[in-house]
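Secondary and tertiary structure notes
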Amino acid sequence: MIYSMRYKAFYCGLIVFLCVWSTPLAANGFDHSHNLWNQLLSDHVRWNANGTASQVDYLGFAQNRPQLTAYLDALSEVTLDQFDQWSRNQQLAFLINAYNAFTIDLILTEYPYLNSIKELGAFFSSPWERKFFYLLDEKRYLDDIEHNLIRGSGRFNEPLIHFAVNCASVGCPALRDEAYVAAQLNPQLLDSTRRFLQDRSRNHFDAVNSELNVSSIFDWYSEDFAQGWRGYHSLIDFFRTHADWIADGPNAQAKLKSHVVKLDFLDYDWSLNDLER
């Protein structure tokens, strides 16, 4: 009898414990720390010596494919109704991480037998138009995330996403070695912007000729820097705001801020951003 009463008490206590601790899990549903993705990035992304560009250990990602698949499955399980209940920063971090993670997944479909993501396209379509994953209740493609869910939704109005989404190419802004998370989203976006603008192989100001030599990204998406978002009202305004990052030395920075300058867009390097071995 005593054993039976103790067993019943233990069983009731266990039920209460599970109910208490399962409630917040059911309510939250998705791990907004993106812990699985964060660990993969920490293990398989390497910064260059200047911290302005990164290389990706695709072989390492391939060896950890089950962990990547688990994270992608977690992304795909999120419904649009759940997504709509999240904060703005939770939504944007989710979409940026999804873009980057599904890009890695796409590369792994043919790795190591490719030199560029562009090789994964078909004759009449690009790799960014290839539907190969489910997200927010629909089968989608990478351009759908960037241009429809992020840029076209009107929810975010964030020009700095161009320094966060990574196209698996040398010319692209770096893939970070950490996941984007809501609580740190603004400093992470600014840090990614700084790193990219300080990469002199892709962006620099020629003070002698008053010429900005910058990535083609700024040609393709110049309109996003002219909407008044974050206080930028033109592409030149964006560069002047961040003159300390793109121009070297006080004199060059002052000249960029005060003089008429011309823009020259550099060729884009579509080579795979694979880790050199």
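The paragraphs below set out a description of the structure included in this document. This one's a predicted model, so the numbers in the text were calculated from it and none came from an experiment. (Residues numbered from 1 in each chain as written. Predicted model: local features only at pLDDT ≥ 70, side-chain atom pairs only at ≥ 80, totals over all residues. Heavy atoms only, no water.)

**Description of the overall build of the protein chain**
Selection rule: Here a helix means four or more residues in a row that DSSP labels H or I, a strand means two or more in a row labelled E, and each is numbered from the N terminus. Whether two residues are in contact is decided by their heavy atoms: any pair within 4.5 Å suffices.
If you tally the helices and strands in the protein chain, you get 12 helices and 7 strands. Once local pairs closer than 6 in sequence are excluded, the contacts in the protein chain between residues at least 24 apart make up 68%.

**Focus on helix H4 (residues 65–77)**
Selection criterion: Expected span of a helix: the number of residues minus one, times 1.5 Å. Note on exposure labels: buried denotes an accessible area under 20% of the residue type's maximum, exposed denotes more than 50%, and partly exposed covers the range between, all computed with a 1.4 Å probe on protein chains only. Directions drawn from the helix axis to the C-beta atoms are what define this arc.
The terminal C-alpha atoms of H4 lie 18 Å apart, and with 13 residues this matches the ideal 18 Å at 1.5 Å per residue to within 8%. Of the positions making up H4, those classed as buried are Leu68, Tyr71, Leu72 and Leu75. Each buried residue of H4 lies within a common arc of 95 degrees when the element is viewed along its axis, so the set occupies one face. The exposed residues of H4 that point more than 90 degrees off its buried face are Pro66 and Glu77.

**Side note on the sheet that holds strand E5 (residues 204–206)**
The strands making up a sheet are joined through hydrogen bonds of the backbone, oriented either antiparallel or parallel. What counts here: Pairing between two strands is assigned when DSSP locates at least 2 bridges connecting them. Interaxial angles span 0 to 180 degrees and are taken between N-to-C directions of axes, which are lines fitted to C-alpha atoms, for helices over the stretch in contact.
Spatial ordering of the open sheet is given by E5-E6-E7, a layout of 3 strands whose pairing is mixed. Two strands bound the open sheet, and with one partner strand each, they are E5 and strand E7 (262–265). Averaged over all pairs of adjacent strands, the angle between their axes in this sheet comes to 25 degrees, without regard to strand direction.

**Brief notes about unusual backbone geometry**
A cis amide bond, omega 10 degrees, links Tyr111 with the succeeding residue Pro112. Among the secondary structure elements, Pro112 is positioned in the loop between helix H6 (88–108) and strand E3 (133–135). Look at His34: it is not a glycine, yet its phi comes out positive at around 50 degrees. When you line up the elements, His34 lands in the loop between helix H1 (2–28) and helix H2 (35–44). Positive phi, close to 60 degrees, is recorded for Ala168, a residue that is not glycine. One can find Ala168 in the loop between helix H7 (142–150) and helix H8 (185–197). Judged by its relative accessible area of 1%, Ala168 is buried.

**Notes on the packing of H4 against H6**
For the record, the criterion: Here roughly perpendicular refers to angles of 65 to 115 degrees, roughly parallel to angles under 35, roughly antiparallel to angles over 145, and oblique to all remaining angles. For any helix crossing, the convention is left-handed if the near helix is rotated counterclockwise from the far helix by under a right angle, and right-handed if that rotation is clockwise. Each residue is assigned to one class: nonpolar for Ala, Val, Leu, Ile, Met, Phe, Trp, Tyr, Cys and Pro, charged for Asp, Glu, Lys and Arg, and polar for all the others, Gly among them.
At a closest axis distance of 10 Å, the pairing of H4 and H6 adopts a crossing angle of 135 degrees. Our classification of the angle between H4 and H6 gives oblique. Our pair here, H4 against H6, has a crossing hand that is left-handed. Only Phe94, Asn97, Ala98, Ala101, Phe102, Ile104, Asp105 and Leu108 of H6 make contact with H4, whose side of the interface consists of Arg65, Leu68, Tyr71, Leu72, Leu75 and Ser76. Considered class by class, the residues forming the contact of H4 with H6 number 10 nonpolar, 2 polar and 2 charged.

**Quick word on the environment of His259**
Position of His259 among the secondary structure elements: in the loop between helix H12 (250–258) and E7. Separated by 49 residues in the primary sequence, His259 and Ser210 place their C-alpha atoms 7.6 Å from one another.

**What to know about the packing of aromatic side chains**
How we decide: When the centres of two rings from Phe, Tyr and Trp lie within 6.5 Å, Trp using its six-membered ring, the rings pair. Their planes under 30 degrees apart give stacked, over 60 give edge-to-face, and anything left gives tilted. Look at NZ for Lys and CZ for Arg. If either is within 6 Å of the ring centre and within 35 degrees of the ring normal, a charge sits over the ring.
Across all of its chains, the model carries 26 aromatic pairs by this definition. Summarising the aromatic geometry, the rings of Phe30 and Phe94 are spaced 5.4 Å apart at their centres and angled 80 degrees between planes, so their arrangement reads as edge-to-face. Placement of Phe30 in the loop between H1 and H2 and of Phe94 in helix H6 is noted, with a sequence separation of 64 residues between them. For Phe30, a relative accessible area of 10% gives the class buried. Relative accessible area serves as the criterion here: at 0%, Phe94 is assigned to the buried category. Summarising the aromatic geometry, the rings of Phe163 and Phe218 are spaced 5.8 Å apart at their centres and angled 45 degrees between planes, so their arrangement reads as tilted. Within this pair, whereas Phe163 is found in the loop between H7 and H8, its partner Phe218 is found in helix H9 (residues 217–220), the two being separated by 55 residues in sequence. Taken as a pair, Phe163 and Phe218 share a single burial class, namely buried. Put simply, the rings of Phe163, Phe196, Phe218, Phe225, Tyr232, Phe238 and Phe239 pair up and form one aromatic cluster. Between Arg195 and the ring centre of Trp47, over which it is positioned, the NZ or CZ distance is 3.9 Å.

**Description of the side chain of Asp105**
Here is the rule we go by: N or O atoms within 3.5 Å of each other form a polar contact, as long as, within protein, one can give a hydrogen and the other can take it, and as long as residues adjacent in sequence are counted only when both atoms are side-chain atoms.
As for its position among the elements, Asp105 is in helix H6. A polar side-chain atom of Asp105 sits 3.0 Å from a polar atom in the side chain of Arg65. When neighbours within four sequence positions are excluded, Asp105 is seen to be in contact with Arg65, Leu68, Leu72 and Phe132.

Geometric values such as these leave the question of function open.
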